Every structure is written in C-alpha cells, then in structure tokens.
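Residue-level structure breakdown
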Amino acid sequence: MEIPKPTFERLKKYLALLLQEESEYISSEGIAEKLNITPEQVRKDFTYINIKGKPKVGYHIPPLINELSELFGIGVMDNIIIVGAGNLGSALAKYAGFKKIGVRVVAIFDNDPVKIGSFVGELSVLPFSEENLKRVIKRFKVKIGVICVTEESAQEVANVLVRNGIKALWNFAPVTLKVPPGIVLENQDITTGVLTIKHLLEKK
C-alpha cells in the first residue's frame, strides 16, 4: 500500500514524538494533542502500518516505534541484560544476530563465585546484586531483562529486575512468572516447544 506524502510526513513526526515518550502506552488523543491534529487523523494514518491500538489503553509504544523505524530504515538499538551465565545465557550473550534486530547485550550477571569475573565474549560476568543491576540499568537505559536461571530462582530474579526498572522480561526458565501489570513478559518454553515438534512429527 502506497503511503500518501502528507501521511508519510506525519508518520515521521509521530516517530520523533514517540522516541521522547517515557510511558509504555499512548493514545491517539495524546498524540493528536501534542502535534495539534485530530485523533481521527492519527488513527487513519496508523492504518498504513501494521499496528493496532487497544481500547481504553492506546498504542503500545515499543512495537509502534519498531514499526515506524522499519518504515524509515532507522535502527533503534535496545540494550538488554542477561541473568544467568550458564550455557544458555552465555550463548545468548554471544549471539551476533541480535545486532541485526536492534538489540545489544550490555551485561551478564550470575551469583556463582566461579563464574563471576570470567568473560563471556567481551563481557565480564558481574555479581547479581541490586546495586550492580541498578547501576547498569541506569547507565545503559536498559528496559529488557533475559532470565536464564533455574526454575527455583526465576521468580526472585524477575522480582529484582522489575523492582529496578526493567519493563520487559524474556524468560527461559521452565516456570510461569508472576509480574505486575504493564510488564511485558515473553516466555520461551523449551519443553512445550519440543513437545509441539514431537506431536507434529507423530502426525506425519
């Protein structure tokens, strides 16, 4: 679908506005008020991109920024931290493909004295503590935390991350986490993934 030039110009203004927003959601009324246009115009413009708002909630800003950034060929880099320097956490920390999708691992944490101070790629494993977390999250403006710890430790790790400003969790632990409203949670359940594959294979 070809985007009309006036709409294209407004979409650039929307992106500039959203990059300055600190909240997680924004309504069409909120955008319209700041740019001196109508909410109807905002909603109409957004029909040209693959984003839909939620009633009484508005538009989820991170995916909206990503969609607009892709439209304009702009790479928005998100810094992430990893908790758990085992095989999985270490592999994720060294995954080169993250850079292609606008993600950069800035720190990896663990509470194992043997692992602390060792290197995972170019990163030195840091002691998992609130003081260290707070310092890294503030310095690098981190919003995403990756959990690669045991089932028993995952909930406490999630609690500490959220308490220190993390807005999104990517969970690899085999447990259902409880998080406050507004926190993005993505569970990467390896067990159910393997079971799905096994089931599909049996049907062939």
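Look a little higher up for the structure.
Residues numbered from 1 in each chain as written. Predicted model: local features only at pLDDT ≥ 70, side-chain atom pairs only at ≥ 80, totals over all residues. Heavy atoms only, no water.

**Quick notes on a nonpolar patch on the surface**
- Together, L88, I190 and V194 make up an exposed nonpolar region whose accessible area comes to about 240 Å².
- Its place among the elements puts I190 in helix 8 (residues 190-203). (Patch = residues over 30% accessible without salt bridge, like charges linked within 9 Å, V, L, I, M, F, W, Y side chains within 5 Å. Areas by Shrake-Rupley, 256 points an atom, 1.4 Å probe, with all protein chains shown as cover. Salt bridge = Lys/Arg side-chain N within 4 Å of Asp/Glu carboxyl O. Helix = DSSP H or I, 4+ residues; strand = E, 2+ residues; numbered from the N terminus.)

**A look at helix 1 (residues 5-18)**
- The end-to-end C-alpha separation of helix 1 is 20 Å, in line with the 20 Å expected for 14 residues at 1.5 Å each.
- By the burial criterion, the buried members of helix 1 are T7, L11, Y14, L15, L17 and L18. On an axial view of helix 1, the arc spanned by its buried residues comes to 160°, and they lie on one face. Those residues of helix 1 that are exposed and aimed more than 90 degrees away from the buried face are K5, P6 and K13.
- Elements in contact with the buried residues of helix 1: strand 1 (25-26), helix 2 (28-35), helix 3 (39-45) and helix 4 (61-72). (Expected span 1.5 Å × (residues − 1). Buried < 20%, exposed > 50% of the residue type's maximum accessible area, 1.4 Å probe, protein only. Arc of directions from axis to C-beta. Contact = heavy atoms within 4.5 Å.)

**A few points about the pairing of strand 8 (residues 144-147)**
- Relative to strand 8, strand 3 (residues 78-83) is paired through four bridges, and the arrangement is parallel. Looking at strand 8, one finds that I80 is bridged to I144.
- In this structure, strand 8 lies alongside strand 9 (residues 168-171), joined through four bridges in parallel fashion. Opposite I147, over in strand 9, you have N171 as the bridge partner.
- Handedness of the β-α-β unit built from strand 8, helix 7 (residues 151-163) and strand 9 comes out right-handed. (Pairing = 2+ DSSP bridges. Right-handed = clockwise from strand over helix to strand, strands pointing away.)

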